Amino acid sequence: MLVTPLTKLLGIRVPVVQGGMQWVGLPPLVAAVSNGGGLGILTALTQPNPEALRQAIRETHKLTSKPFGVNITLLPTINPPDYEGYARAAIEEGVRIFETAGNSPGKLIRYFKQNGCIVIHKCTTIRHAKSAIRLGVDVVSVDGFECAGHPGEEDIGGLVLLARAAQELNIPYIASGGVADGRGLAAVLALGAAGANMGTRFMCTVEAPIHQNIKEKIVASNEQDTVHIFRTLHNTARVFKNKVSTEVVAIERKPGGAKFEDVRELVSGARGKQVYETGDPDYGIWSAGVSVGLIKDIPTCEELLARMEKEAEDVIDGLVKVRVEKAKL
Ligand code: NAD
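Parameters at a glance
Residue positions are given per chain, counted from 1 along the sequence in the order it is written. Since the coordinates come from a predicted model, pLDDT governs what is reported: local features require at least 70, and pairs of side-chain atoms require 80 or more to be given and counted, while whole-chain, interface and lining totals use all residues. With hydrogens and water excluded, all non-hydrogen atoms of the structure serve as input to the side-chain values. The near set for a molecule or strand comprises every residue that places at least one heavy atom within 4 Å of it. As used in this structure description, the phrase polar contact means that two N or O atoms lie within 3.5 Å; if the pair is within protein, one of them must be able to donate a hydrogen and the other to accept it, and residues adjacent in sequence are counted only when both atoms belong to side chains. To be clear on the numbers: accessible area is Shrake-Rupley with a 1.4 Å probe, and residue cover counts the displayed protein chains and nothing else. Only DSSP runs of H or I with at least four residues qualify as helices, and only runs of E with at least two residues qualify as strands; both kinds are numbered from the N terminus onward. Residue polarity is assigned by list, with Asp, Glu, Lys and Arg as charged and Ala, Val, Leu, Ile, Met, Phe, Trp, Tyr, Cys and Pro as nonpolar; anything else, Gly included, falls into the polar class. Interaxial angles span 0 to 180 degrees and are taken between N-to-C directions of axes, which are lines fitted to C-alpha atoms, for helices over the stretch in contact. Each angle receives one of four descriptions, namely roughly parallel if under 35 degrees, roughly antiparallel if over 145, roughly perpendicular if within 65 to 115, and oblique otherwise. Throughout, a contact is declared for two residues whenever any of their heavy atoms are within 4.5 Å. Any Lys or Arg side-chain nitrogen found within 4 Å of a carboxyl oxygen on Asp or Glu counts as a salt bridge. Throughout, exposure labels follow a simple rule: accessible area from a 1.4 Å probe, protein chains only, divided by the maximum for the residue type, with under 20% read as buried, over 50% as exposed, and the rest as partly exposed.

(A) Examining the site of the ligand more closely. In the vicinity of the ligand there are 19 residues, among which Gly 20, Asn 71, Pro 76, Ile 78 and Gly 269 approach most closely. Take Gln 22: an N or O atom from its side chain is 2.9 Å from an oxygen atom of the ligand. Measuring from an oxygen atom of the ligand, one finds a backbone N or O atom of Gly 269 at 2.7 Å. Protein contact buries 81% of the 760 Å² of open area that the ligand shows by itself. Of all the elements in the fold, those that place two or more residues in the shell around the ligand are strand S3 (68-74) and helix H12 (260-267). Residues that form the shell around the ligand fall into these classes: 9 nonpolar, 10 polar and no charged.

(B) Spatial organisation of the packing of helix H11 (residues 243-253) against H12. Running from N to C, H11 and H12 point in directions that differ by 180°, and their axes come no closer than 10 Å. It follows that H11 is roughly antiparallel to H12 by the angle criterion. Every residue of H12 that contacts H11 at Val 244, Glu 247, Val 248 and Ile 251 is listed here: Asp 262, Val 263, Leu 266 and Val 267. Looking at side-chain class alone, the contact of H11 with H12 contains 6 nonpolar, no polar and 2 charged residues.

(C) Examining the pattern of salt bridges more closely. Following the criterion strictly, the structure yields 17 salt bridges and no others. Taking the shortest distance from any N to any O, the salt bridge between Lys 130 and Glu 168 comes out at 2.6 Å. Here Lys 130, found in helix H6 (residues 126-134), pairs with Glu 168, found in helix H7 (residues 158-168); they are 38 residues apart in sequence, far enough to count as distant. We classify Glu 168 as partly exposed; its relative accessible area is 32%. Notably, a salt bridge pairs Asp 297 with Arg 307, separated by 2.7 Å at the nearest N-O pair.

(D) The arrangement of unusual backbone geometry in detail. The backbone of Trp 23 shows a phi angle near 75°, a positive value even though the residue is not glycine. Topologically, Trp 23 is positioned in the loop between strand S1 (16-18) and helix H2 (27-35). What makes Trp 23 buried here is its relative accessible area of 19%. Backbone geometry at Ser 104 places phi at a positive 45°, although glycine is not the residue there. If you trace the backbone, Ser 104 turns up in the loop between strand S4 (97-102) and helix H5 (106-114). The exposure class assigned to Ser 104 is exposed, which follows from its relative accessible area of 68%.

Take a look at the structure:
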């Protein structure tokens, strides 16, 4: 078994967290991840309002008796969400593990800590990680350049960012971005992480509540099939490379640049949601990490987590053997 500060803190078997994913972090997936030994996370903003989140939490409780969490992401949105309402509803429903992400999370983190919760905060730089630690978070989720969604604006890959975390941080951290198998899990443990956060890999599982075509599209993709949009708007997002994201990048590159209004209709989350419902990968924007290149099948969450656990153990055992062999020389 891979026992780390993360597995001990959260009471889980496998040191893997399913990070918040807009339109994907719904009860069936969350429960399947938690039942498989990881930590499932419901995405608050996928629910239309706090009351709907309350119902989603109740549904998840019916599907699993294992721990699960709720993600609240604070980034620019077309319609401003009632963040406090979502947070209050989750606390009232007994949730005690939260993943926070995005800008100016101080108020939210303080509220969760005042209510005795465990907070995992996503950061894309060491500077932001240190600020989150000062706010009292329990775990930092260190988001490298490989990740899906919002990687920040500094473009530091996970290999260096995690090694920097090992030098600078005094609380447990997990690796986000680029991990999709046991080898990746072993690698980030070697870099001092207490576990891994995965999003894209969990999109490609039996229980992920998205159209089968999209799962098959991910399996057929390689590591060159993602692209950054919103670079020029300082809200960079890594998404799947398709007709719409290619058009958005072209608009951003026009002389004089683009305003959000110029791409708003193309990028709206409501349109991206249709991709997952209809199975048309070109209909709108959908988040995907570079790890699409590593994903070759569509297992259940339980199969995936058990396989990753075994692969990571085998890799670690293999490294120990290398040391023993070297010692004999
Ligand atoms: P949305 O329809 O409000 O916006 C679509 C995209 O445009 C998002 O990436 C958003 O950040 C961006 N955007 C909106 N207004 C902008 C502005 N004025 N300037 C620059 N960029 C702008 O988004 P949605 O799909 O309804 O999602 C709601 C929120 O959740 C967004 O902030 C989104 O980024 C975030 N999100 C969360 C997760 C998660 O894991 N929880 C994943 C992806 C996105």
